[in-house]
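Per-entry structural report
This is what each chain is made of:
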Amino acid sequence: MGWFVGLVLLQVLILNNVHIGGYATPFLYIYLILKFSSNTSRNELMLWAFAVGLAVDVFSDTPGMNAASSVLLAFVRPAILPLFSLRDMVEGIEPGFRSMGTGGFFKYVAACVLVHHTALLSLEYFSFVHLGTLSLHIVSSVALTAVCLMAIEGICRRQ
């Protein structure tokens, strides 16, 4: 519950106002979704994703965009996780450096962030007229968010 409140407050009070180069915005609240154990049921994961997305939506005045993107991420995460974890350690792992290795965890984070940000920013733009601008926004936000999530994982691992 502490991670839930902390990440939502961090997102709505600080990170929603960060736009590096006018394009890159970090969305760190998805760290909560990424760190659930692989034993967590898809329905439970989708409920948590909806709750965190809705909390961000309420405080950010975005009508369901974060909730929809988070639920999509929670829906596809069980299919993404086995792609980047060790073959013999798929059941019962909590994704992280220790269980997946640095490279595997980075690929997992990058894939999940790409799914989330593509959905979120496509809903935000709601048009493919400016496909170049949308693509630049997605790529820069994915890169910034992935780097920040890796930093959070590195800090948490040391404690």
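These notes cover the structure that comes with them. (Residues numbered from 1 in each chain as written. Predicted model: local features only at pLDDT ≥ 70, side-chain atom pairs only at ≥ 80, totals over all residues. Heavy atoms only, no water.)

Things to note about the state of the cysteines
Applying the stated criterion across every chain, the model contains 0 disulfides. No disulfide involves C112; its sulfur sits 16 Å from the nearest other cysteine sulfur, which is in C148. Residue class for C112 comes out buried when judged on its relative accessible area of 0%. Take C156: it sits in no disulfide, and the sulfur closest to it among the cysteines is that of C148, at 13 Å. (Disulfide = S-S within 2.5 Å. Buried < 20%, exposed > 50% of the residue type's maximum accessible area, 1.4 Å probe, protein only.)

Some words on the packing of helix α1 (residues 2-13) against helix α3 (residues 42-60)
The contact between α1 and α3 brings their axes to 10 Å, and the two run at 35 degrees. Remark: the crossing between α1 and α3 carries right-handed chirality. Contacts between α1 and α3 involve F4, V8, Q11 and V12 from the first element and W48, A51, V52, A55, V56, F59 and S60 from the second. Looking at the contact of α1 with α3, its residues break down into 9 nonpolar, 2 polar and no charged. (Axes fitted to C-alpha atoms, helices over the stretch in contact; angles between N-to-C directions. Helix = DSSP H or I, 4+ residues; strand = E, 2+ residues; numbered from the N terminus. Left-handed = near helix turned anticlockwise from the far one by under 90°. Contact = heavy atoms within 4.5 Å. Nonpolar A, V, L, I, M, F, W, Y, C, P; charged D, E, K, R; others polar.)

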